[in-house]
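# Working through the structure, step by step
The residues making up each chain are set out below.
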Amino acid sequence: MDFSGCTGRVIENPNEVLTAALEEAQAWRWGSLPWTGGPPEPDTPVPTAIHRTQPWFHGRISREDTQQLIGRQGLVDGVFLVRESQRNPKGFVLSLCHLQRIKHYLILPVSEEGRLYFTMDDGQTRFADLIQLVEFHQINRGILPCKLRHYCTCVAL
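Note that the coordinates shown come from a computational prediction; the quantities given were computed from them, not determined experimentally.

It is worth spelling out the nonpolar core at this point. Grouped together as the largest cluster of nonpolar side chains are 20 residues, with contacts concentrated most on Trp56, Val82, Leu94 and Ile107. Of all elements in the fold, only β1 (79-84), β2 (92-98), β3 (101-112) and α3 (130-139) reach the threshold of two or more residues within this core. With five residues, the single largest contributor to this core is α3. Core analysis: the next-biggest nonpolar cluster, separate from the first, contains eight residues, Leu69, Ile70, Leu81 and Cys97 among them.

Once that is clear, we can look at the side chain of Thr119. Mapped onto the secondary structure, Thr119 falls in strand β4 (residues 115-119). Judged by relative accessible area, which is 4%, Thr119 ranks as buried. At a separation of 2.9 Å, a polar atom in the side chain of Thr119 contacts the main-chain carbonyl oxygen of Thr125. With residues near it in sequence (within four places) discarded, Thr119 still touches Leu106, Ile107, Leu108, Val110, Gln124 and Thr125.

A few words now on the sheet that holds β3. With mixed pairing, the five strands of this open sheet are ordered in space as β4-β3-β2-β1-β5. On the outer flanks of this sheet lie β4 and β5 (150-151), each paired with one strand and no other. Across five bridges, the pairing between β1 and β2 is antiparallel. The residue of β2 that forms the bridge with Leu81 is Ser95. Contacting β1, β2 and β3, helix α2 (residues 63-73) runs over the sheet at an angle of about 155° to β1. Set on the sheet, α3 makes contact with β1, β2, β3 and β4; between it and β1 the angle comes to about 160°.

Conventions and cut-offs
- Residues numbered from 1 in each chain as written.
- Predicted model: local features only at pLDDT ≥ 70, side-chain atom pairs only at ≥ 80, totals over all residues.
- Heavy atoms only, no water.
- Core = buried A, V, L, I, M, F, W, Y, C linked by side-chain atoms within 4.5 Å.
- Buried < 20%, exposed > 50% of the residue type's maximum accessible area, 1.4 Å probe, protein only.
- Helix = DSSP H or I, 4+ residues; strand = E, 2+ residues; numbered from the N terminus.
- Polar contact = N/O pair within 3.5 Å; in protein donor to acceptor, adjacent residues only side chain to side chain.
- Contact = heavy atoms within 4.5 Å.
- Pairing = 2+ DSSP bridges.
- Axes fitted to C-alpha atoms, helices over the stretch in contact; angles between N-to-C directions.

Written as structure tokens, this is what we have:
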């Protein structure tokens, strides 16, 4: 994805995603965050909790509650949410409706050369944060059966 604001494009090659993200996506993210005025100094840990501010993030809810929540929104292709994994304390789960079934995809953090990335495909496609992962899959299907179209809103269960 191109976040430079100059042009828009869809990246077809998953291997190009990380390169584009590092070149383009981080520039706008650093300047707009309240905790920093620019990119962090080298070897400074970057907060990875920015996803908590997103309407598609539901925190620590169970798989069963997720299925109920998406069911109440309507079993429409592309309805999704992201939640914390109950089985993997460092992981997250992307829950997605496709063909009136809810599928769950584990998102794991991976560290390489001191940098933290998130992946759903054993590191073949890596994202700097969960926001970038979601934005990519709203434009590109990637390994998912359909694009992410509508985030699931919080409603009382």
